[in-house]
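Next come the chains, spelled out residue by residue.
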Amino acid sequence: MKYYYDIRVNINEELYDFYEWSKLDEIEHIKRIPIFKISSNDFNLIINNRIKIDSDTLKMIKGKVLGYNNDLVMKNGILFTDMYGSVVVEFNDKGEEIGISKLLMSDDLDVMEIVLAIPFSEVVIKGIAKRNSKSLRQDEIVRNFLRVEYNTLLDNNNYEKLKFLGYERFGKNIAKDRVYKMLIKDLDNIQKIHYDLYELIKLSYKKVPMGT
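Note that the structure is predicted; figures quoted are calculated from it, not measured. (Residues numbered from 1 in each chain as written. Predicted model: local features only at pLDDT ≥ 70, side-chain atom pairs only at ≥ 80, totals over all residues. Heavy atoms only, no water.)

A. A look at the environment of Gly 166. Residue position: Gly 166 is located in helix H5 (residues 159-170). Spatially, the C-alpha atom of Gly 166 lies 9.9 Å from that of Leu 197, the residues being 31 residues apart in sequence. (Helix = DSSP H or I, 4+ residues; strand = E, 2+ residues; numbered from the N terminus.)

B. Spotlight on the nonpolar core. One finds Ile 46, Ile 53, Phe 80 and Phe 91 to be the most contacted residues of the largest nonpolar core, which totals 17 residues. Element by element, the count of residues in this core is highest for strand E6 (residues 86-91), at three residues. Setting aside residues up to four positions removed in sequence, Phe 91 forms contacts with Ile 51, Ile 53, Leu 58, Ile 61, Asn 76, Ile 78, Phe 80, Glu 96, Glu 97 and Ile 98. The next biggest cluster of nonpolar side chains, apart from the first, holds 15 residues, and it includes Leu 146, Leu 153, Ile 174 and Leu 197. (Core = buried A, V, L, I, M, F, W, Y, C linked by side-chain atoms within 4.5 Å. Buried < 20%, exposed > 50% of the residue type's maximum accessible area, 1.4 Å probe, protein only. Contact = heavy atoms within 4.5 Å.)

C. Just H5, in detail. Spanning twelve residues, H5 covers 16 Å between terminal C-alpha atoms, matching the ideal 16 Å at 1.5 Å per step. Buried within H5 we find Lys 161, Leu 162, Leu 165, Gly 166 and Arg 169. Projected onto a plane normal to the axis of H5, the buried residues spread over an arc of 140 degrees and lie on a single side. Taken together, the buried residues of H5 touch helix H4 (137-155), helix H6 (176-185) and helix H7 (192-204). Once H5 ends, the next one or two residues include Gly 171, with phi positive near 75 degrees. (Expected span 1.5 Å × (residues − 1). Arc of directions from axis to C-beta.)

D. Structural view of unusual backbone geometry. A positive phi angle, near 60 degrees, is found at Asp 6, a position not held by glycine. Take Asp 6: it is sitting in strand E1 (residues 3-9).

E. Broad picture of the pairing of strand E5 (residues 77-81). Of all five residues in E5, five are buried; the element is thus mostly enclosed. Going residue by residue along E5, you find Gly 77, Leu 79 and Thr 81 tucked away on one face and Ile 78 and Phe 80 tucked away on the opposite face as well. As paired elements, strand E2 (residues 28-37) and E5 share three bridges and run parallel to each other. What sits directly across from Lys 37, in E5, is Thr 81. Between E5 and E6, which pair antiparallel in sequence order, lie four residues; one of them, Met 83, sits at a positive phi of approximately 85 degrees. (Pairing = 2+ DSSP bridges.)

F. Quick peek at the confidence of the model for the protein chain. Looking at the protein chain, pLDDT values average 90 and 95% of them are 70 or higher. Mean pLDDT across the elements of the protein chain ranges from a minimum in H4, with 89, to a maximum in E5, with 97. Low pLDDT, under 50, characterises residues 207-212; the stretch is placed with zero contacts to residues that sit more than four places away or in other chains. (pLDDT = per-residue confidence, 0-100.)

G. Molecular detail of the packing of H4 against H6. For the pair H4 and H6, interaxial distance at closest approach is 10 Å and the crossing angle is 165 degrees. Here H4 is positioned roughly antiparallel relative to H6, judged by the angle of their axes. Taken as a pair, H4 and H6 cross one another with a handedness that is left-handed. Between H4 and H6, the residues in contact are Arg 147, Tyr 150, Asn 151 and Leu 154 and Tyr 180, Leu 183 and Ile 184, respectively. Here the contact of H4 with H6 is composed, by residue class, of five nonpolar, one polar and one charged. (Axes fitted to C-alpha atoms, helices over the stretch in contact; angles between N-to-C directions. Parallel < 35°, antiparallel > 145°, perpendicular 65-115°, else oblique. Left-handed = near helix turned anticlockwise from the far one by under 90°. Nonpolar A, V, L, I, M, F, W, Y, C, P; charged D, E, K, R; others polar.)

H. Representation of the pattern of salt bridges in the model. Throughout the structure, instances matching the rule amount to eleven salt bridges. Two residues, Glu 199 and Lys 202, come together in a salt bridge whose shortest N-O distance is 3.8 Å. With Glu 199 and Lys 202 both in helix H7 and three residues apart, the pair spans about one turn of that helix. Counted as one network, the salt bridges with shared partners bring together Lys 62, Lys 75 and Asp 93. (Salt bridge = Lys/Arg side-chain N within 4 Å of Asp/Glu carboxyl O.)

I. Structural view of the side chain of Asp 82. Mapped onto the elements of the fold, Asp 82 is located in the loop between E5 and E6. Here Asp 82 occupies a buried position and makes no salt bridge, while the nearest side chain of opposite charge, Lys 37, is found at 10 Å. Polar contacts involving the side chain of Asp 82 include one to the side chain of Ser 40, which spans 3.1 Å. (Lys, Arg positive; Asp, Glu negative; His and termini not counted. Polar contact = N/O pair within 3.5 Å; in protein donor to acceptor, adjacent residues only side chain to side chain.)

What follows is the structure, given as structure tokens:
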């Protein structure tokens, strides 16, 4: 099995280009990861679908991904390339994808320089679910921010603010035993109003300068 060394990844459930990475993301530095050269058809399958790999491949890669401090960054990971593009995929113990990352441009170019000397890998890749190709990174940021806010308010029994946000979102007063569930369910489809709530909540946490 071939390895690639010294690479940075940004593992997420959705597939984001490097220019969509956020300052809030946890960028992982990988010291060593298995590299598999695959066909363009298999690579396109990965780009367009969440995937699953065969059990033999899973057994082979277990514990082969190391971080910069010799700590395991991910239990089961593979760097896939078709000589034109590359992605890192992380798998659970069933061989099902749990996260994916494109590479920084510099890392991607480095992979392209060495891939010709790597033999094709024998791996069975199956698509298990279509990717949400329409998902925008900023939508995910807003969704996650609002979800954290709603959960924090619920944990603190701050129903007054939950009801206020519910009124701002739906234009009506909602009972406290229903407002949290309605707000959480509403995050399935991010719209302009959610961006307005996002800005409103950020503004509520800004400190008012002394003397104003």
